[in-house]
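# Remarks on the overall topology
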Amino acid sequence: MNKIKEKKFIINSYFFIFIYIILEGGIRKWFFPTFNIEIIVIRDIFVILLILYGFSKRIFFINSSIESISIFWTFLIIFWSILQIIIKNTQLGIIIVGYRNWILYLWIAILFYRSIDNYSEIERFLFKISLILIPMSFIVILQHFLPIDHFINQYTQDTIQLSNKREVSQVIPGIVRTTGTFTNPTGYGVFTIFITPIILSILDFNTNKNKYFKLKFFIIISFVICIVVSGSRTVIFSTLFLSLMYYLILICFKKFKKVFLFSIIFLIFYLLSIIFLDRAIDAIIQRIDTASVNEKLSVRMYELIFGNIWQQRDFDFLGIGFGYGSNLSKIFVREGFILGEYETDRIIGEGGLIGFLFIFFKLMISYYLLRKSLQISLKKDNYLPIIFSLAFISIILIQLVTGQNTVHAFSFLCFGLSLALVKIYDNQKNY
């Protein structure tokens, strides 16, 4: 098998992982509720085998900066975890969960980055991903209009045990927060953030530009449905933020025809939503009003990014164990939110000093992607990398990357795609 076929196999496998993540929540909660861990483990085993395949075929560039940093990070986490096992008596099972959250999916992101070589490949890849919105929109419509205790709105058994209650999350009494094929609203919310830049730029794709025009139209309709009936402030605000950033970028680069087109499309779908999805819009407005009384948005955003300062007062230099704050570790600790509700609390609690290093890496990666994608926008007249980078940054800075299984997966899938987009469009001479 030559290099082209090897890389194509990896790209197809990456797409398979993405689809698996989309479907595994539905499989767990609707068909095999007693096999939660097993279904996740199957995915992780496939990821491990794919990474080993990448090393065996010399897809990785071991001497390059990104692989060198990743190797250093891998050995640092292993060394630190050994100290945690010896000094803190951290269970080995929890540490293994920590390895998957802090190391494993980093390598699968780099593998995709190394395997994809041109913009036609990545745009076909993204277009295929966007197709998932069509069946997803049918599912969330059903969830929105069906009773909250209906089979399709149920959570997994582990989610119920973790929260110690059977009630599903509601926008307002009687209207469920949709989850699609995911096990909870958080996973669904990150999925919508992940897919928003694809939708914003789908009309700019050279690939299938005219051939699939009608299909793209249905994809956009499906996306609007998935957003409007979500019942989630995170989904609504994140989508509006990314859309506003895209709008401002087009204005800054004087793409007034695209600004006009974008404005018309936004207005049309806004009016259609008011007409056909007024129930969902009224519910989310009530939800926002209620939440604003109980909690200030500025405080919420601060805690999402910086965590809860009261949790951080009991700082442990070594950390109590990688993986300890992950929802997957509930089979060992039988509790939720042990290290805090927010990502920053969890990674500092898990890794101690290494947790602060992880936050530093997050900021450095965010800076690198923004700088490179902005240069591409200036030189190549393409805005997909910068919008996708903003989506990735919004996920890694405010979501439960090491805490929630689906968020973790999408974070690193998005990381691999962001790196690939920056590489491809930066190297493309005539786009």
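Residues numbered from 1 in each chain as written. Predicted model: local features only at pLDDT ≥ 70, side-chain atom pairs only at ≥ 80, totals over all residues. Heavy atoms only, no water.

Attention shifts here to the overall build of the chain. Secondary structure summary: the chain contains 19 helices and two strands in total. The buried share of the chain, reckoned over its 431 residues, is 54%. When the accessible surface of the chain is split by element, carbon and sulfur atoms take 67% of a total near 20200 Å². (Helix = DSSP H or I, 4+ residues; strand = E, 2+ residues; numbered from the N terminus. Buried < 20%, exposed > 50% of the residue type's maximum accessible area, 1.4 Å probe, protein only. Areas by Shrake-Rupley, 256 points an atom, 1.4 Å probe, with all protein chains shown as cover.)

With that settled, the discussion passes to unusual backbone geometry. Of note, the phi angle at Arg-58 is positive, near 55°, even though the residue is not glycine. Tracing the sequence through the fold places Arg-58 in the loop between helix 2 (36–56) and helix 3 (65–88). Take Arg-58: its relative accessible area is 68%, and that puts it in the exposed class. Phi at Asn-89 is positive, roughly 60°, even though this residue is not glycine. A relative accessible area of 63% places Asn-89 in the exposed class.

In this section: the packing of helix 8 (residues 185–201) against helix 10 (residues 233–252). Viewed as axis vectors pointing N to C, helix 8 and helix 10 meet at an angle of 20°, and their least axial separation amounts to 9 Å. One way to sum up the angle between helix 8 and helix 10 is to call them roughly parallel. Helix 8 and helix 10 meet at a crossing whose hand is right-handed. Every residue of helix 10 that contacts helix 8 at Gly-189, Thr-192, Ile-193, Thr-196, Pro-197 and Leu-200 is listed here: Thr-234, Val-235, Ser-238, Thr-239, Leu-242, Ser-243 and Tyr-246. Taken together, the residues of the contact of helix 8 with helix 10 break down into six nonpolar, seven polar and no charged. (Axes fitted to C-alpha atoms, helices over the stretch in contact; angles between N-to-C directions. Parallel < 35°, antiparallel > 145°, perpendicular 65-115°, else oblique. Left-handed = near helix turned anticlockwise from the far one by under 90°. Contact = heavy atoms within 4.5 Å. Nonpolar A, V, L, I, M, F, W, Y, C, P; charged D, E, K, R; others polar.)

When a protein is soluble and globular, its nonpolar side chains tend to lie buried together. Membership of the largest hydrophobic core comes to 108 residues, with the highest contact counts inside it found for Phe-191, Phe-194 and Phe-410. Here the element with the most residues in this core is helix 19 (residues 405–427); it accounts for 14 residues. With near-sequence residues (within four places) excluded, Phe-410 lies in contact with Phe-18, Ile-21, Ile-22, Phe-182, Val-190, Phe-191 and Phe-194. (Core = buried A, V, L, I, M, F, W, Y, C linked by side-chain atoms within 4.5 Å.)

Now for helix 10. Spanning 20 residues, helix 10 covers 28 Å between terminal C-alpha atoms, matching the ideal 28 Å at 1.5 Å per step. Taken residue by residue, helix 10 has Arg-233, Val-235, Ile-236, Ser-238, Thr-239, Leu-242, Ser-243, Tyr-246, Ile-249 and Leu-250 as its buried positions. A side-chain oxygen of the first residue of helix 10 lies 3.3 Å from the backbone nitrogen of Thr-234; this N-cap is Ser-232. (Expected span 1.5 Å × (residues − 1). Polar contact = N/O pair within 3.5 Å; in protein donor to acceptor, adjacent residues only side chain to side chain.)

Now for the packing of aromatic side chains. With the rule as written, the count across this model stands at 29 aromatic pairs. By the ring-pair criterion, three or more aromatic residues cluster together here, those being Phe-18, Phe-182, Tyr-188, Phe-191, Phe-194, Phe-388 and Phe-410. Sitting above the plane of the Phe-358 ring, Lys-362 keeps its charged end 5.2 Å from the centroid. A cation sits over an aromatic face here: Lys-423 above Tyr-113, 4.8 Å from the ring centre. (Phe/Tyr/Trp six-rings, centres within 6.5 Å; stacked < 30°, edge-to-face > 60°. Lys NZ or Arg CZ within 6 Å of the ring centre and 35° of its normal.)

Each pair of packed helices gets described by two things: the angle between the helix axes and the distance between those axes. Closest axis-to-axis distance for the helix 4 (residues 92–115)/helix 19 pair is 8 Å, and the angle between their directions is 30°. Considered as vectors, helix 4 and helix 19 are oriented roughly parallel to each other. Every pair of crossing elements has a handedness; the one defined by helix 4 and helix 19 is right-handed. Of the residues in helix 19, those in contact with Arg-100, Asn-101, Tyr-105, Leu-106, Ala-109, Phe-112, Tyr-113 and Arg-114 of helix 4 are Asn-405, His-408, Phe-412, Phe-415, Gly-416, Leu-417, Leu-419, Ala-420 and Lys-423. When the residues that make up the contact of helix 4 with helix 19 are grouped by side-chain class, the tally is ten nonpolar, four polar and three charged.

A few words on the environment of Leu-133. Within the fold, Leu-133 resides in helix 6 (residues 133–145). Looking at Leu-133, the relative accessible area reads 0%, which means it is buried. Setting aside anything within four residues of it in sequence, one finds Leu-133 in contact with Phe-191, Ile-195, Ile-199, Ile-219, Ser-222, Phe-223 and Cys-226.

Across all of its chains, the model carries five salt bridges by this definition. Two residues, Asp-44 and Arg-100, come together in a salt bridge whose shortest N-O distance is 2.7 Å. Note that Asp-44 is positioned in helix 2 and Arg-100 in helix 4, a separation of 56 residues in sequence. Here Asp-44 falls in the buried class, since its relative accessible area comes to 10%. Between Arg-114 and Glu-67 there is a salt bridge, with the nearest N and O atoms lying 2.8 Å from each other. Of the two residues, Arg-114 sits in helix 4 while Glu-67 sits in helix 3, which places them 47 residues apart along the sequence. Glu-67 matches Arg-114 in its accessibility class, with the two residues each being buried. (Salt bridge = Lys/Arg side-chain N within 4 Å of Asp/Glu carboxyl O.)

On the basis of relative accessibility, which here comes to 10%, the residue Arg-114 falls in the buried class. One polar contact links Arg-114 to Ser-64, side chain to side chain, over a distance of 2.8 Å. A polar atom in the side chain of Arg-114 sits 2.8 Å from the side chain of Glu-67. Those residues in contact with Arg-114 that lie beyond four places of it in its chain are Lys-7, Ile-59, Phe-60, Phe-61, Ser-64, Ile-66, Glu-67 and Lys-423.

Such coordinate-based values are descriptive only and should not be taken to indicate function.
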